[in-house]
Amino acid sequence: MRTITYRQALNEALAEELERDENVVVMGEEVAEYNGAYKVTEGLWKRFGDKRVVDTPISEAGFIGMGIGASMLGVRPVMELMFWSFAYVAFDQMINNAGCVRYMSGGKIKCPIVVRGPANGGTNVGATHSHTPENFIANTPGLKVICPATAYDAKGMMKSAIRDDDPVYVMENTKLYGESGEVPEEEYTVPLGVADVKREGTDLTIVAHGRAVITALKSAEVLAAEHGISAEVVDLRSIRPLDEETILTSVRKTNRVLLVDENKPFCAVNTQIATMIQEKAFDYLDAPILRLNAIDAPAIYSPPMEELQLPHPEVVIEKALAVCK
């Protein structure tokens, strides 16, 4: 094993897949000569050239539509969005076309496209650059949504996403790009649709995805050290397909649940999970399911205010203590 950053893990995944399959291409704004807005594609243009790593105009509707069309013809495009907030101008292509073509063609037309980029608040770039749309995308049958929280998962899941025959939309978090983690020397993949128990526990299940997993793990350490509460942290990794069984197994063990999510609370990802637990594991619950989300307002530009808008360890601990009473 070796230690690399989340950013480097994504870069390695892209490089390995470009090397492995000549049909893989990387496209997006400033991904080539500039090495990507967040340097995830650093060095790829110099290594693979103009035909494999392509700078696009600042027109998400245009280049995402082009990528979806290319994927229907056998190319495997990886499209970078500078912010997932910018995907909204391409929703017709991303949802209507990419999400429906395989079903409507009776399986004859595949759409093996990956759309990736930052989907998060907390970086003080204003409301129009800070959306977390995993719940929007996951609402559409035919689309896959993943939110890796660690360097290991980022690399392994990106490789699986590129090899998948369906559209996979990868929601990253800019605040994770510099976080380091252990990654194997040898090639590996992480399957889509499989959650991961990042910390074993007996008293409480905390379910999270993306950067909220890191928040949950920090909170679990404090809960154990200062309150004697053993919290199990389940990392969804994949929003759709959703690994229900790993969640339910944990709930049946701990009997208490806290769902932490940087989505806004209305129709959030953890709303779906709460309903699923209520329907399939109600008799195992010793306390009501509690949810913790971002405050239900557009992302605040002020750094100290936005920090309070998102779930942070102090609030997670407060909620955990409430559910464990």
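Rules behind the numbers
Residues numbered from 1 in each chain as written. Predicted model: local features only at pLDDT ≥ 70, side-chain atom pairs only at ≥ 80, totals over all residues. Heavy atoms only, no water. Domains from an automatic or database assignment. Contact = heavy atoms within 4.5 Å. Buried area = accessible area lost by both parts, 1.4 Å probe. Salt bridge = Lys/Arg side-chain N within 4 Å of Asp/Glu carboxyl O. Polar contact = N/O pair within 3.5 Å; in protein donor to acceptor, adjacent residues only side chain to side chain. Helix = DSSP H or I, 4+ residues; strand = E, 2+ residues; numbered from the N terminus. Pairing = 2+ DSSP bridges. Axes fitted to C-alpha atoms, helices over the stretch in contact; angles between N-to-C directions. Core = buried A, V, L, I, M, F, W, Y, C linked by side-chain atoms within 4.5 Å. Buried < 20%, exposed > 50% of the residue type's maximum accessible area, 1.4 Å probe, protein only. Patch = residues over 30% accessible without salt bridge, like charges linked within 9 Å, V, L, I, M, F, W, Y side chains within 5 Å. Areas by Shrake-Rupley, 256 points an atom, 1.4 Å probe, with all protein chains shown as cover.

Colleague: How do you make sense of the domain arrangement of the chain when you look at a structure like this?
Modeller: Frequently, the measure chosen for interface size is the accessible area that the parts lose on association. Along its sequence, the chain is organised into domain 1 (3-182) and domain 2 (196-324). At the junction of the two partners, domain 1 supplies 28 residues and domain 2 supplies 28 residues. Across the interface of domain 1 and domain 2, roughly 2,000 Å² is buried in total on both sides, 53% from carbon and sulfur atoms. The largest share of the area that domain 1 buries against domain 2 comes from Asn124, Asn135 and Cys147, three residues that together contribute 23% of it. The closest approach of N and O atoms between Arg237 and Asp153, which form a salt bridge, is 2.9 Å. Seen at the junction of domain 1 and domain 2, the total is twelve residue pairs in polar contact (both at pLDDT 80 or more). Only helix 6 (134-138), strand 6 (144-146) and helix 7 (151-163) provide two or more residues apiece to the side of domain 1 that touches domain 2.

Colleague: What exactly am I supposed to notice about the sheet that holds strand 4 (residues 76-80) here?
Modeller: Sheet strands pair via backbone hydrogen bonds, and the direction of the pair is either parallel or antiparallel. The strand order across the open sheet formed by seven strands is 3-2-4-5-7-6-12, and the pairing between neighbours is mixed. Bordering the open sheet on either side are strand 3 (53-55) and strand 12 (238-240), each of which pairs with just one other strand. Each strand of the sheet is rotated relative to its neighbour by a mean of 20 degrees, with strand direction disregarded. Bridging between strand 5 (residues 114-118) and strand 7 (residues 168-172) involves five bridges; their strand directions are parallel. In the sheet register, Val115 faces strand 7, and the bridge partner there is Tyr169. Contacting strand 2 (24-28), strand 4 and strand 5, helix 3 (residues 60-72) crosses the sheet at an angle of about 165 degrees to strand 4.

Colleague: Help me out: how do you make sense of the nonpolar core in this one?
Modeller: Nonpolar side chains tend toward joint burial in soluble globular proteins. Ranked by size, the top nonpolar core spans 43 residues in total, and within it Ile64, Trp84, Val115, Tyr169, Ile247, Ile273 and Ile277 carry the most contacts. Those elements that provide at least two residues to this core are strand 2, helix 3, helix 4 (91-97), helix 6, strand 7, helix 9 (244-254), strand 13 (257-260) and helix 10 (269-281). There are two domains that each give this core at least three residues, and those are domain 1 (3-182) and domain 2 (196-324). Apart from residues lying up to four places away in sequence, Tyr169 is in contact with Trp84, Met94, Ala98, Val115, Ile137, Leu143, Lys144, Val145 and Ile146. If you look at the next biggest cluster of nonpolar residues, it comprises 33 residues, including Leu18, Val78, Val114 and Met157.

Colleague: Could you clarify how one ought to interpret the sheet that holds strand 13 in this entry?
Modeller: If you walk across this open sheet you meet the five strands as 9-11-10-13-14, and the pairing is mixed. Each edge of the open sheet is held by one strand with a lone partner, namely strand 9 (196-199) and strand 14 (290-292). Pairwise comparison of adjacent strand axes, ignoring direction, gives a mean angle of 25 degrees for this sheet. Where helix 8 (residues 211-227) meets the sheet, its contacts fall on strand 9, strand 10 (204-208), strand 11 (231-235) and strand 13, and the angle it forms with strand 11 comes to roughly 170 degrees. Its contacts with the sheet put helix 12 (residues 313-323) on strand 10, strand 13 and strand 14, and the angle it makes with strand 14 is roughly 175 degrees.

Colleague: Hey, could you run me through the side chain of Ser160 in this one?
Modeller: Checked against the element boundaries, Ser160 lands in helix 7. When its relative accessible area of 14% is taken as the criterion, Ser160 is described as buried. Look past the residues within four positions of Ser160 in its chain and what remains in contact with it is Thr189, Val190, Pro191 and Leu192.

Colleague: How do you make sense of a nonpolar patch on the surface when you look at a structure like this?
Modeller: Judged by side-chain polarity, Met72, Leu73 and Ile109 come together as a nonpolar surface patch covering roughly 280 Å² of accessible area. Following the sequence through the fold, Met72 ends up in helix 3.

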